[in-house]
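# Coordinate inspection notes
Each chain, letter by letter, is given below.
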Amino acid sequence: MIIQRYAENALRIIFGNQIDMEVHEKVRRAFFLLISLHRHDIIEIIPSFCSCLVIYEDDLTSYQTLAGLLNERLADLSAVEMPPPQVHEIPVHYGSDYGPDLSFVAGHCQLTVAEVIERHCAEIYTVFTVGFTPGFPYMGTLDERIAAPRLETPRTRIPAGSVGIAQRQTGIYPFESPAGWRIIGRTDIRLFDPARPPYSLMQIGDKVRFIEEH
Amino acid sequence: MTSAITVRNPALLSLIVDLGRTGFGAVGVPSSSALDRYACQALYCLLNRANAPVLEVMGPRFALQFDSDVVCAIAGARVKAFLDETPLRPWASFQSKKGSILRVKEITEGFRYYIGFAGRIKAEAVMGSYATNLECRFGGLNGAPLKSGDILHLEESQEIETNVIPLNLIPPMNSPHILRVIEGPEAGSFNDGSRRHFWEKGYHELFTVSTNLNRTGIRLNGTPLVFKPEAPKSIVSEGIVPGTIQIPGDGLPIIMLNERTIGGYARVAVIARADQDRLAHLKANDLVCFERITVEEGERLWREKQKRIVQLQSLTGSA
């Protein structure tokens, strides 16, 4: 674990430099430990694949003080109490207008469309981080046999619920938004509701399985 | 006491903002705060309230009509504004009369301006903030920009004295914009020549603000930064702070504003907090250059800026 400063009022707690489950588990433990500290000087905690970004209130603390404290408190992550990961089953309409890139992915991977769907549904994915737009889960790890590159030029608008893949990841767009991932299907499940706590259907560490809807 | 205001012309874009949303970054919820927070604070001082919803407006020809007497204030970009035929001072509050019309005819310096009232615009706070998340359509007035004919209802209207922010507390907003920056986490990904031209005094590369700018980010045109041969062109996506300057594969900077919690491009630098309000005033074809400072210098500049906010509060008696 390394703590590095980032801007006047933020620090990064870094656990590795690549996407893997071991690093993810450390990030997740650190995230829930940071929450359990209930510190008034911490105003934002953003966990991602390899690190936690902490934004702090610099009227109440300093980088030196907070980094010192976190170095101590995060030294042992073995006993962190965490909520059990929720498991989400997400029904998806694959292909046609719902998934305009499905046939590209099949062609790129030299598979049939049915094989791409089968492999996308075969894995239980882990939510590594939530971001890009509110509630967007970055999930892995995608079967490398259906990995496809991002679009050269992102689409300016795709519908809410679009399911995309990019390299070894898959994700779901909670809102109509721009999108650079290959869209293979769409779900009717609502991923983010600004009117209802806890707002986001998913959080770091959750598990996801896709089910083909006919 | 309640009163109402009718939007007659929303200009290019006007929306409800405040000082932003915090605490939900872990599920990807960005701040969506007013881009010029200092101007927003100035309105709070002029109007004797804190954390109220205010309007953030882009472009001239904004107009609204008052259906009762209410104190109103404008800050941010310097504008030529009129209450009916009477010219208004910039960064000041004024008393409007029932039936009178506020018109902004021209912007003379800066880009976005802010309008607030001595009353609370009736809007729903979403996750603790009135700020509009335009992309996801929540907050503000049903998550949407204001349109002609929209009625803003004011609650808790108060009669207050009008006031003026003195010139020495109004920051410059014109091009060229010299923005101070602190090294970012991936500053080391770029070759020495690129870094020198990016932020060293005497070598300054001038960038031009492209037409590709919105509340999410500002793309700049100019000489692309060059990655070191061994440096990756994208990073494993990670949390970012507002004002982060990302460099995608084409080498041209994108300044991230207050609408993203995570980024996947190399972060060469971060705009010093004290200079972030200036980002609200970058418009297409403006010139921008960066000047590197230490993080300690950034902290010092931020403390100075906070002192100016305290000065605003004491001048207007709202402390």
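All values derive from a computational prediction rather than experimental measurement. Starting from 1, residues in each chain are numbered consecutively following that chain's sequence as written. All chains are assigned letters beginning with A, and all ligands numbers beginning with 1, in the order in which they are written. For this predicted model, a pLDDT threshold of at least 70 governs which residues receive local features, and a threshold of 80 or more governs which side-chain atom pairs are given and counted, while totals over whole chains, interfaces and linings are taken from all residues. Values reported for side chains reflect all heavy atoms of the structure, with hydrogen atoms and water molecules removed beforehand.

### Observations regarding the pattern of salt bridges
Salt bridges are identified by distance alone: a Lys or Arg side-chain nitrogen within 4 Å of an Asp or Glu carboxyl oxygen. Evaluated as defined, the whole model comprises 33 salt bridges over all chains. Put simply, glutamate 297 of chain B and arginine 300 of chain B hold a salt bridge, and the shortest N to O gap is 2.8 Å. Residue glutamate 297 of chain B and its partner arginine 300 of chain B are both found in helix 3 (residues 295–315); the two are separated by 3 residues, about one turn of the helix. With a 1.4 Å probe rolled over the protein chains alone, any residue whose accessible area is under 20% of its type maximum counts as buried; one over 50% counts as exposed, and the rest are partly exposed. Residue classification places glutamate 297 of chain B among the partly exposed positions, given a relative accessible area of 27%. Overlapping salt bridges bring together Arg12 of chain A together with Glu186, Glu238 and Arg267 of chain B as one network. For the purposes of this entry, the term helix denotes a DSSP run of H or I that reaches at least four residues, the term strand denotes a run of E that reaches at least two, and both are numbered from the N terminus.

### With respect to the domain arrangement of chain B
Residues and elements named next belong to chain B. The domains assigned to chain B are domain 1 (3–169) and domain 2 (177–298). An automatic or database domain assignment provides the domain bounds reported here. Spacing between the C-alpha centres of domain 1 and domain 2 amounts to 29 Å. The partner domain 2 presents 16 residues to the 24 residues of domain 1 that form the contact. With both sides pooled, the region where domain 1 packs onto domain 2 buries about 1,500 Å², and carbon together with sulfur makes up 49% of that total. For any pair of parts, buried area is found by adding up, for both, the accessible area (1.4 Å probe) each one loses once the two are put together. If you sort the residues of domain 1 by the area they bury against domain 2, Leu35, Phe111 and Arg112 come out on top, with a joint share of 38%. Counting every contact that joins domain 1 to domain 2 gives 2 salt bridges. A salt bridge links glutamate 135 to arginine 260, with the shortest nitrogen-to-oxygen separation between them at 2.9 Å. Should any heavy atoms of two residues lie within 4.5 Å, those residues are counted as being in contact.

### Comments concerning the nonpolar core
Put simply, buried Ala, Val, Leu, Ile, Met, Phe, Trp, Tyr and Cys residues joined by side-chain atoms within 4.5 Å make one nonpolar core. Trp91, Tyr114, Phe198, Ile245, Ile255, Val268 and Phe290 of chain B are the most contacted members of the largest nonpolar core, which has 58 residues in total. The element best represented in this core is helix 1 (residues 37–47) of chain B, accounting for 9 residues. Both domains that furnish three or more residues to this core are identified here as domain 1 (3–169) and domain 2 (177–298) of chain B. If we skip the residues at most four places from it in the chain, isoleucine 245 of chain B touches Val181, Phe198, Pro253, Ile254, Ile255, Ala266, Arg267, Val268, Ala269, Ile271 and Phe290 of chain B. Grouped together as the second largest cluster of nonpolar side chains are 50 residues, Ile13, Leu77, Tyr173 and Ala179 of chain A included.

### What to know about the interface of chain B and chain A
Each partner contributes to the interface: chain B provides 40 residues, whereas chain A provides 40 residues. Summed over both sides, the interface of chain B with chain A buries roughly 3,100 Å², with 61% coming from carbon and sulfur. Glutamate 238 of chain B is the salt-bridge partner of arginine 12 of chain A, the closest N and O atoms lying 2.7 Å from each other. In protein, a polar contact requires one atom able to donate a hydrogen and another able to accept it; more generally it is a pair of N or O atoms within 3.5 Å, and residues adjacent in sequence count only if both atoms are side-chain atoms. At the boundary of chain B with chain A, the tally comes to 12 residue pairs in polar contact (both at pLDDT 80 or more). Secondary-structure elements contributing two or more residues to the side of chain B that touches chain A are strand 14 (234–239), strand 17 (262–271) and helix 3 of chain B. Tallying contributions element by element places helix 3 of chain B first for the side of chain B that touches chain A, with 6 residues.

### Examining the side chain of serine 33 of chain B
Residues and elements named next belong to chain B. With respect to the secondary-structure elements, serine 33 resides in the loop between strand 2 (13–17) and helix 1. Separated by 3.3 Å, the side chains of serine 33 and arginine 37 make a polar contact. Setting aside residues no more than four positions away along its own chain, serine 33 makes contact with Asp18, Leu19, Gly20, Arg215 and Asn258.

### Regarding the packing of helix 3 (residues 102–109) of chain A against helix 4 (residues 113–122) of chain A
All names here are of chain A. Viewed as axis vectors pointing N to C, helix 3 and helix 4 meet at an angle of 95°, and their least axial separation amounts to 9 Å. Here helix 3 is positioned roughly perpendicular relative to helix 4, judged by the angle of their axes. Residue-level contacts link Leu102, Ser103, Val105 and Ala106 of helix 3 to Val113, Val116 and Ile117 of helix 4. Across the contact of helix 3 with helix 4, the residue classes tally to 6 nonpolar, 1 polar and no charged. Between N-to-C directions, angles span 0 to 180 degrees; the directions come from axes that are lines fitted to C-alpha atoms, helices contributing only their stretch in contact. An angle below 35 degrees is read as roughly parallel, one above 145 as roughly antiparallel, one from 65 to 115 as roughly perpendicular, and any other as oblique. Charged residues are taken to be Asp, Glu, Lys and Arg, nonpolar residues to be Ala, Val, Leu, Ile, Met, Phe, Trp, Tyr, Cys and Pro, and polar residues to be all remaining types, Gly included.

### A closer look at the sheet that holds strand 3 (residues 42–47) of chain A
Residue and element names in this part refer to chain A. Between any two strands, at least two bridges found by DSSP are needed for them to pair. Strand order in the open sheet formed by 4 strands is 1-2-4-3, and the pairing between neighbours is antiparallel. The open sheet has two free edges, formed respectively by strand 1 (2–5) and strand 3, since each of these has just one partner strand. Within this sheet the neighbouring strands show an average axis-to-axis angle of 20°, counted without direction.

### Focus on helix 1 of chain B
All names here are of chain B. A large share of helix 1 lies buried, amounting to 10 of its 11 residues. The set of residues buried in helix 1 consists of Tyr38, Ala39, Cys40, Gln41, Ala42, Leu43, Tyr44, Cys45, Leu46 and Leu47. Against the buried residues of helix 1 lie strand 3 (54–58), strand 5 (70–83), strand 7 (92–96), strand 8 (101–117) and helix 3. The backbone nitrogen of tyrosine 38 lies 3.2 Å from a side-chain oxygen of the residue at the head of helix 1, namely aspartate 36. The positive-phi residue at the C-terminal boundary of helix 1 is asparagine 48, with phi of around 55°.

### Quick word on the confidence of the model for chain B
Each residue carries a pLDDT score, the predictor's own confidence in it, on a scale running from 0 to 100. Scored by pLDDT, chain B has a mean of 95; 99% of the residues are at 70 or more. On the interface metric, ipTM, the complex scores 0.95, and its pTM is 0.96.

### Some words on the sheet that holds strand 6 (residues 125–130) of chain A
Residues and elements named next belong to chain A. Taking strand neighbours around the barrel as the criterion, the 7 strands line up as 5-12-9-10-7-6-13 in a closed arrangement whose pairing is mixed. For this sheet the average axis-to-axis angle between neighbouring strands, irrespective of direction, equals 40°. The pairing of strand 9 (residues 162–166) with strand 10 (residues 169–172) spans 4 bridges and is antiparallel. The residue of strand 10 that forms the bridge with valine 163 is isoleucine 172. Sitting on the sheet, helix 4 touches strand 5 (87–94), strand 6, strand 9, strand 10, strand 12 (182–186) and strand 13 (207–212), and the angle it makes with strand 13 is about 150°.

### Description of the pairing of strand 8 of chain B
Residue and element names in this part refer to chain B. Strand 8 sits mainly inside the fold: 12 of its 17 residues count as buried. Bridge count for strand 4 (residues 63–66) against strand 8 is 3 bridges, and the pairing is antiparallel. Within strand 8, the position partnered with alanine 63 by the bridge is arginine 103. The sheet contact formed by strand 5 and strand 8 spans 11 bridges and is antiparallel. Looking at strand 8, one finds that valine 79 is bridged to isoleucine 107.

### As for the packing of helix 1 of chain B against helix 3 of chain B
All names here are of chain B. Where helix 1 meets helix 3, the axes come as close as 9 Å, and the angle between the chain directions of the two elements is 20°. Here helix 1 is positioned roughly parallel relative to helix 3, judged by the angle of their axes. Of the two possible hands of crossing, helix 1 and helix 3 adopt the one that is right-handed. Residues Tyr38, Gln41, Ala42 and Cys45 of helix 1 lie in contact with helix 3, whose contacting residues are Lys305, Arg308, Ile309, Leu312 and Gln313. Of the residues assigned to the contact of helix 1 with helix 3, the class counts are 5 nonpolar, 2 polar and 2 charged. If you view the pair so one helix is near and one far, a crossing is left-handed when the near helix is turned anticlockwise from the far one by less than a right angle, and right-handed when it is turned clockwise.

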